[in-house]
Amino acid sequence: MDIGAFIAAAVVGLVVGVLSGLLGIGGGTMMVPVFRLGFGLEAIQATATSLFTIIPTSLSGCVTHVRNKTCIVPIGVAAGVGGALTSPVGVWLASMSPAWLIMLAAALIIGYSAFNMLRKAFKKPKAAPAQAAATRAGANAAEASAADANGAPADMAPVAAHAESSAFSVERKHLFMGVAIGLTAGLASGYVGVGGGFIMVPMFLSLLSLPMKKTSGTSLIAVTILAIPGVIEQAMLGHIDFVAGIAMAVGSIPGAVLGAQLMKRVPERALRIFFGVFLLIMAVVLVVNEFAAA
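Notes on helix 2 (residues 28-38)
Most of helix 2 sits out of view: eight of its 11 residues are buried. Where helix 2 is concerned, the buried positions are Gly28, Thr29, Met30, Met31, Val32, Pro33, Phe35 and Arg36. Gly40 occupies a position one or two residues after helix 2 and carries a positive phi of about 70°.

Structure below.
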């Protein structure tokens, strides 16, 4: 690889990293087409090199999310452990599959996730039980404060703050569901060379009712963990182009940190729409590019 190609890969990696940190994906949905067409890698090499690059990209993003407290660590770890069990199985299946099938599978999974995300984005929002409790508690606290001004007891004042701070409480069932979500994401991750965030983020929202602002960071924790076994297997099979992967990682690592910082400033509904449109475009690109290259 010449210096020009290295710099171009780093610039693409920067964009991938920003999207990774912002949306909670490993970035494979962009890297697979880039490695496949831009670098001319075989389909299995493109997915393997993407999986390799996902680890440093996701790690840099999830560290920032942990510091900013925009993630739920126990659920991320649970999903990551589940995914680590199945990602090598996905790699094994990919090694026996034709190139077009790998790309088609990636497009179908991404397209389905995009549909679910956009459907949620345009659906009329409903107040979650915890939010409703916080609203009621806030009203009670206001009434208590008014009563206190008239000489009545004001023991309800701290209730609203407590309800707001405990908007999501991790229970054992959440951890078991996190493992189950990770099992699905890990299989897809190993097979199509993506982090699995496009599966986990919608599932975290629909099945666990995680706050949108914390799904991205939680997903990146899981992606970082579940990608490791698949990368080890791909390296042993000799499918990874380490030079191309490192070039992409040079840009994606700082990009992921930037994306994680931007998370706090992006409105929730806008984030859902952006995520859904992004996934839909990537699904179309994967299909068109693969058949054009055939």
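Continuing now.
Things to note about the side chain of Ser50
Residue position: Ser50 is located in helix 3 (residues 43-68). Beyond its immediate sequence surroundings of up to four residues, Ser50 is in contact with Gly28, Met31, Val32, Phe35 and Gly193.

A look at the side chain of Thr64
Residue placement: Thr64 occurs in helix 3. Those residues within four positions of Thr64 in sequence are excluded, and the remaining contacts are Val257, Ala260 and Gln261.

With respect to a nonpolar patch on the surface
On the surface, Val89, Trp92, Leu93, Met96 and Leu187 cluster together to form a nonpolar patch covering roughly 450 Å² of accessible area. At three residues, the largest contribution of residues to the nonpolar patch is made by helix 4 (residues 73-95). The residue Val89 is located in helix 4 in this model. Overall, Val89 belongs to the partly exposed group, its relative accessible area being 37%.

Considering the packing of aromatic side chains
Aromatic rings in a pair are described by how distant their centres are and how their planes are angled relative to each other. With the rule as written, the count across this model stands at two aromatic pairs. An angle of 50° between the planes, with centres 5.5 Å apart, marks the rings of Phe35 and Phe39 as tilted. Given the relative accessible area of 0%, Phe35 is considered buried. With 5.1 Å between their ring centres and 80° between their planes, Phe52 and Phe242 make a pair best called edge-to-face. Taken as a pair, Phe52 in helix 3 and Phe242 in helix 11 (residues 242-262) lie far apart in primary sequence, 190 residues in all.

What counts, and where the lines are drawn
Residues numbered from 1 in each chain as written. Predicted model: local features only at pLDDT ≥ 70, side-chain atom pairs only at ≥ 80, totals over all residues. Heavy atoms only, no water. Buried < 20%, exposed > 50% of the residue type's maximum accessible area, 1.4 Å probe, protein only. Helix = DSSP H or I, 4+ residues; strand = E, 2+ residues; numbered from the N terminus. Contact = heavy atoms within 4.5 Å. Patch = residues over 30% accessible without salt bridge, like charges linked within 9 Å, V, L, I, M, F, W, Y side chains within 5 Å. Areas by Shrake-Rupley, 256 points an atom, 1.4 Å probe, with all protein chains shown as cover. Salt bridge = Lys/Arg side-chain N within 4 Å of Asp/Glu carboxyl O. Phe/Tyr/Trp six-rings, centres within 6.5 Å; stacked < 30°, edge-to-face > 60°.

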